[in-house]
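Given next are the chains, with one letter for each unit.
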Amino acid sequence: MPAPGPQPRTRERLVPAERPPVPVRAALGPPEERAPLAPSTLPQSNARSSGLFDAVRRGEPFQATIHPSVARETPILEIEHLDLWYGKAQALHDVSLVCPAGKVTALIGPSGCGKSTLLRCVNRMNDLIENVRVGGRLRLAGQDVYARSVDVIELRKRIGMVFQKPNPFPMSIYENVVYPLRVDGERDRRVLDEVCESSLRSAGLWDEVKDRLAKSAVALSGGQQQRLCIARAIAAEPEVLLLDEPCSALDPIATGRIEELIHQFEGAYSILIVTHNMQQASRVSDFTAFMYLGRLVEFGATDEIFLQPALKETEDYVTGRFG
Amino acid sequence: MTKHLQRDLEGLERRTLFLAGEVEEAVRRSIRALLDRRVELAERVIDGDDEIDRHEVELEEECLKVLALHNPVASDLRFIVACLKIENDLERIADLAANIAERSVSLAERSALPVPPRIREMVETCARMLRQSIEAFVRGDAALARRICAEDAQVDQANRLIIQELLAAMHREPACIDEAVELISVSKNLERIGDHATNIAEDVVYLVEGDIIRHRTKRAPGEQAPAGGRSGPSAR
């Protein structure tokens, strides 16, 4: 009884609009009357099409699918109808998203979908770019981030940010970590020492650098530099931590350390992470938002997005069938 | 990577369908052996069970390999999980077919008690449920799968009635007790085949909708569980 051999099939064959009919014969008939069941179209799923592409083509507004699990959370960051233009090019279209407090929210989507742009709106990093216009509202703990009265420097102290490429300042490890306190005018050596140690411990770096705090941070390895940046970001005790592809320049072991950190931070910090690595998103986050073409497409608990996404577009993206 | 995963998923589906075909054939033969009192057919079913077990293990190994190598998510992950669960049910169905075949051998040597007509009806229902559950898997047809789940109550009811009939026959004719006991065993095995077909249908609902409906598709309200054994779906 040989196992069935491989049969070449074209890609078109895999995703026809309608599934082929399955021949059904009486199960109790003689063998020659029984036809084998025809193979199916894979995968089988009832995820529905959101009509995203049609809406974009017609220039119509698009309604994102938000899972009910999000509404049960306490929000720290509320983004409402956010639009953003780089000059005449609109990069974000009517994005509404609520980031739960004390949880990790991952932003996923193909390059150019607006994930990093959205992240940079939160601490107003986009203000530094010319010709950027922002519409809609973005509130941090109830306070409007784009209100005229907001002091941007003060705002950024409440929001830590770590970038794709580690960016230690060209100074000692110690000075890197306590930099946010120095900027604030803190001079008490005891306080500085305490914050330096606690931040480095939280970032999982203390044991590796405690004997060389006065050495240049630039001499650290890439993974260590990134953890140093995280230590610097949390030294200011921010409410929100923004991570913009924090592991994309790191090897798997250094990546694993950063992911462990994110896990440890759960509850203490509200984290918004942009990642191209889908497995990383599924490993570290509690909630996942899928963005495409500057729109939020689907947002829900990470297990919902990776096990049973409601939309076909999300399913195609997380299973790697996008395009 | 997607192409590799797609190719492997198609391979899993082909293997699952192949196993399903073998198991369906075993059930069909065991039933014919029973109804036509054909010992040689029954022996083929009993002998073929090892081969089915081997295919089941191979399929499970393939599923685990695809899980480990591709880290699948969403519908891909649900598909592999469904294959893993379905092959388990198929293997159990093959065991039950072998049990029926063994009873058929024993019954073929005696001929005092005719096979109750209700068993013939039950046979048809169970074979159809099995066929349709695999069909639902292939087509991703959750509606068909749910209909199969609803049918399981009929099989359970038929089993109860057959047991009552055979118990009555034993009272009337103590000489045919041995045969009646064998037929009760056949009926119970058929009922279990219905359970496993229902399990497969439940896995199809999970595959398509991501919803685990197990333990929700129990018997109709007011219906009593039979004494001495389970009768709802999901006997794993």
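Just so we're clear, the structure is a prediction, and the values are computed from it rather than from any experiment.

For the rest of this paragraph, the subject is the overall build of chain B. A count of helical and extended segments in chain B gives six helices and zero strands. The order of helices and strands in chain B, counted from the N terminus, is α-α-α-α-α-α. Relative to the globule expectation of 18 Å for 236 residues, the C-alpha radius of gyration of chain B, 19 Å, shows essentially globular dimensions. Seen through its C-alpha atoms, chain B measures out along the principal axes to roughly 65 × 45 × 25 Å. Burial statistics for chain B: of 236 residues in total, 50% are counted as buried. Across chain B, contacts joining residues at least 24 apart in sequence account for 81% of those joining residues at least 6 apart.

Residues and elements named next belong to chain A. Considering every residue of chain A, the mean pLDDT works out to 85; 86% of them sit at 70 or more. The secondary structure element of chain A with the lowest average pLDDT is helix α1 (residues 11-14), at 32, and the one with the highest is strand β4 (residues 104-108), at 97. Counted against residues more than four places away or in other chains, residues 1-34, with its pLDDT under 50, gives 41 contacts.

Moving on: the nonpolar core. Residue and element names in this part refer to chain B. In terms of nonpolar packing, the biggest core is built from 145 residues, with Ala97, Cys126 and Val204 touching the most fellow members. Among the elements that line this core, the one with the most residues is helix α3 (residues 74-108), at 17 residues. Beyond its immediate stretch of four places on either side in the chain, Val204 contacts Ala82, Ser133, Ala136, Phe137, Ala142 and Ala145.

Moving on, we come to the packing of helix α1 (residues 2-36) of chain B against α3 of chain B. Residue and element names in this part refer to chain B. Running from N to C, α1 and α3 point in directions that differ by 15°, and their axes come no closer than 8 Å. In this view, α1 runs roughly parallel relative to α3, as classed from their interaxial angle. When the axes of α1 and α3 are compared, the crossing they make is left-handed.

Residue and element names in this part refer to chain A. Pairing within the open sheet is mixed, and its seven strands lie in the order β1-β11-β10-β4-β9-β8-β7. Two strands in the sheet have a free side with no partner beyond their single neighbour: β1 (65-66) and β7 (159-162). Relative to strand β11 (residues 295-301), strand β10 (residues 287-292) is paired through six bridges, and the arrangement is antiparallel. Its bridge partner lying in β11, Met291 is registered against Leu296. Those strands touched by helix α9 (residues 222-235) are β7 and β8 (240-244), and its axis lies near 170° from that of β7.

Residues and elements named next belong to chain A. Within β11, seven of the seven residues are buried, which leaves it mostly tucked inside the rest of the structure. Sheet topology places β1 next to β11; two bridges connect them, and they run parallel. Across the sheet, the residue bridging to Thr65 is Glu298, located in β11. In this antiparallel pair of consecutive strands, β10 and β11, the connection spans two residues, and Leu293 shows a positive phi of 55°.

All names here are of chain A. Strand order across the open sheet formed by four strands is β3-β2-β5-β6, with antiparallel pairing between neighbours. Either end of the sheet is taken by a strand with one partner, and the two such strands are β3 (89-100) and β6 (143-144). Here strand β2 (residues 75-86) pairs with strand β5 (residues 132-140) via eight bridges, running antiparallel. Note on β5: the bridge partner recorded for Leu77 is Leu140.

With that out of the way, let us pick up the packing of helix α6 (residues 173-183) of chain A against α9 of chain A. Residue and element names in this part refer to chain A. α9 packs onto α6 with a crossing angle of 30° between their chain directions and a minimal axis gap of 7 Å. Classified by the angle their axes make, α6 and α9 are roughly parallel. Handedness of the crossing formed by α6 with α9: right-handed. Taking contact as the criterion, the partners of Ile173, Asn176, Val177, Val178, Tyr179, Pro180 and Leu181 in α6 are, on α9, Leu228, Ala231, Arg232 and Ala235. Among the residues making up the contact of α6 with α9, the classes are represented as nine nonpolar, one polar and one charged.

Turning our attention to the environment of Glu40 of chain B. Residues and elements named next belong to chain B. Position of Glu40 relative to the elements: it lies in helix α2 (residues 39-70). Given 10 C-beta atoms within a 10 Å radius, Glu40 is considered exposed. For the pair Glu40 and Cys149, spaced 109 residues apart in sequence, the C-alpha separation works out to 34 Å.

Residue and element names in this part refer to chain B. Relative to the elements of secondary structure, Asn199 occurs in helix α6 (residues 177-209). Looking at Asn199, the number of C-beta atoms within 10 Å reads 25, which means it is buried. Sequence separation between Asn199 and Met129 is 70 residues, and the spatial gap between their C-alpha atoms is 11 Å.

Calculation criteria
- Residues numbered from 1 in each chain as written.
- Chains lettered and ligands numbered in written order.
- Predicted model: local features only at pLDDT ≥ 70, side-chain atom pairs only at ≥ 80, totals over all residues.
- Helix = DSSP H or I, 4+ residues; strand = E, 2+ residues; numbered from the N terminus.
- Rg over C-alpha atoms; globule rule 2.2 N^0.38 Å.
- Buried ≥ 20, exposed ≤ 12 C-beta atoms within 10 Å, placed from the backbone.
- Contact = placed C-beta atoms within 7 Å.
- pLDDT = per-residue confidence, 0-100.
- Core = buried A, V, L, I, M, F, W, Y, C linked by C-beta atoms within 7 Å.
- Axes fitted to C-alpha atoms, helices over the stretch in contact; angles between N-to-C directions.
- Parallel < 35°, antiparallel > 145°, perpendicular 65-115°, else oblique.
- Left-handed = near helix turned anticlockwise from the far one by under 90°.
- Pairing = 2+ DSSP bridges.
- Nonpolar A, V, L, I, M, F, W, Y, C, P; charged D, E, K, R; others polar.

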